[in-house]
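Descriptive analysis of the structure
Spelled out, the chains give:
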Amino acid sequence: DTAVSQTPKYLVTQMGNDKSIKCEQNLGHDTMYWYKQDSKKFLKIMFSYNNKELIINETVPNRFSPKSPDKAHLNLHINSLELGDSAVYFCASSPGLGQGANNTGELFFGEGSRLTVL
Amino acid sequence: SQQGEEDPQALSIQEGENATMNCSYKTSINNLQWYRQNSGRGLVHLILIRSNEREKHSGRLRVTLDTSKKSSSLLITASRAADTASYFCATSLMTSGSRLTFGEGTQLTVNP
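Rules of the game
Residues numbered from 1 in each chain as written. Chains lettered and ligands numbered in written order. Predicted model: local features only at pLDDT ≥ 70, side-chain atom pairs only at ≥ 80, totals over all residues. Heavy atoms only, no water. Helix = DSSP H or I, 4+ residues; strand = E, 2+ residues; numbered from the N terminus. Buried < 20%, exposed > 50% of the residue type's maximum accessible area, 1.4 Å probe, protein only. Contact = heavy atoms within 4.5 Å. Areas by Shrake-Rupley, 256 points an atom, 1.4 Å probe, with all protein chains shown as cover. Pairing = 2+ DSSP bridges. Buried area = accessible area lost by both parts, 1.4 Å probe. Salt bridge = Lys/Arg side-chain N within 4 Å of Asp/Glu carboxyl O. Polar contact = N/O pair within 3.5 Å; in protein donor to acceptor, adjacent residues only side chain to side chain. Nonpolar A, V, L, I, M, F, W, Y, C, P; charged D, E, K, R; others polar. Core = buried A, V, L, I, M, F, W, Y, C linked by side-chain atoms within 4.5 Å.

What follows covers the overall build of chain A. On a plain count of helices and strands, chain A comes out with zero helices and 11 strands. Helices and strands in chain A line up, N terminus first, as β-β-β-β-β-β-β-β-β-β-β. Along the first, second and third principal axes, the C-alpha atoms of chain A reach 45 × 30 × 30 Å. By the burial criterion, 43% of the 118 residues in chain A qualify as buried. Summarising the internal contacts of chain A: among those between residues at least 6 apart in sequence, 57% fall at separations of at least 24. Carbon and sulfur atoms form 50% of the exposed surface of chain A, whose accessible area is close to 5,900 Å².

Residues and elements named next belong to chain A. For strand E9 (residues 87-94), the buried fraction is high: eight of the eight residues fall into the buried class. Of the two faces of E9, the one lined by Ala87, Tyr89, Cys91 and Ser93 and the one lined by Val88, Phe90, Ala92 and Ser94 are each fully buried. By the bridge criterion, seven bridges tie strand E4 (residues 31-37) to E9 in an arrangement that is antiparallel. The partner of tyrosine 35 across the bridge, within E9, is phenylalanine 90. Here E9 runs beside strand E11 (residues 113-117); their pairing, made up of three bridges, is antiparallel. Paired with alanine 87 across the bridge in E11 is leucine 115.

Attention now goes to the interface of chain B and chain A. On the chain A side, the residues contacting the 22 residues of chain B number 24 residues. Taken over both partners, the interface formed by chain B and chain A buries close to 1,900 Å², and the fraction arising from carbon and sulfur atoms is 46%. At the boundary of chain B and chain A, one finds one salt bridge. With a shortest N-O distance of 2.3 Å, Glu111(A) and Arg41(B) are connected by a salt bridge. Run the count over chain B and chain A and you get six residue pairs in polar contact (both at pLDDT 80 or more). Put simply, the parts of the chain that give the side of chain B that touches chain A at least two residues each are strand E4 (29-37), strand E5 (43-50), strand E9 (85-93) and strand E10 (100-102) of chain B. Ranked by residues supplied to the side of chain B that touches chain A, first place goes to E4(B) with five residues. Looking at side-chain class alone, the side of chain B that touches chain A contains six nonpolar, 12 polar and four charged residues.

Take the nonpolar core next. Counting residues in each nonpolar core, the largest one holds 23 residues, and the members touching the most others are Leu32(B), Trp34(B), Leu74(B), Ile76(B), Tyr87(B) and Leu108(B). Counting residues per element, the ones that place at least two in this core are strand E2 (10-14), strand E3 (19-24), E4, E5, strand E7 (61-66), strand E8 (71-76), E9 and strand E11 (106-111) of chain B. Among the elements that line this core, the one with the most residues is E9(B), at four residues. With 20 residues, the next largest nonpolar core counts Met46(A), Phe64(A), Ala87(A) and Tyr89(A) among its residues.

Quick look at the environment of Ser71(B) now. Residues and elements named next belong to chain B. Along the chain, serine 71 turns up in strand E8. Residue serine 71 is classed as partly exposed on the basis of its relative accessible area, which comes to 22%. It is 17 Å that separates the C-alpha atoms of serine 71 and alanine 19, two residues lying 52 residues apart in sequence. Residues contacting serine 71, with those up to four places away along its chain left out, are Cys23, Ser24, Tyr25, Thr64, Leu65 and Asp66.

Structure follows, in structure tokens:
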């Protein structure tokens, strides 16, 4: 049983195209994230949703649009793809936002979606 | 400025040796976490240390935290070839709630 699953695992596309990456978690978590990992393995947060509500929106081009139809799903749509969008995109989830003793803020990651823009 | 810088960037050791990785950060934190990433895989949480803790153990892992120096170290004892991976520290800041900020990672290679 995969806790955080994202599809597709690999995506190769041409510049200018529009593509989507889907993410689902079966952990019952309230909070989901998208992170981008570049070729040097630097991991940077892009978005975070809590119970379908956007709570973190980093300085990301508006070509990137996250959508959370319910708290178990967070999809990422990218318009007009550019060469610089090539990266590995990771979905993650965590129990919630609270800082209580039982909420450590530990993230559970998917296996990543490698996007290559040609 | 980037929160979470690690050194060394790469570390190569022989099986059985200990591996130590360091992480420094800039602002006050709630907790600091260490993650492992095997090649081509997602990140896996290893251990968390809260800002009021100084040392924590989990199996062959030992994490220390020095809030006065704003630094942490991860020690892996009696390393195995299967420990070969990238290791990242991540900080949860006082002001950013659930947001985790990751360091640049240390690539550990354990040679059999």
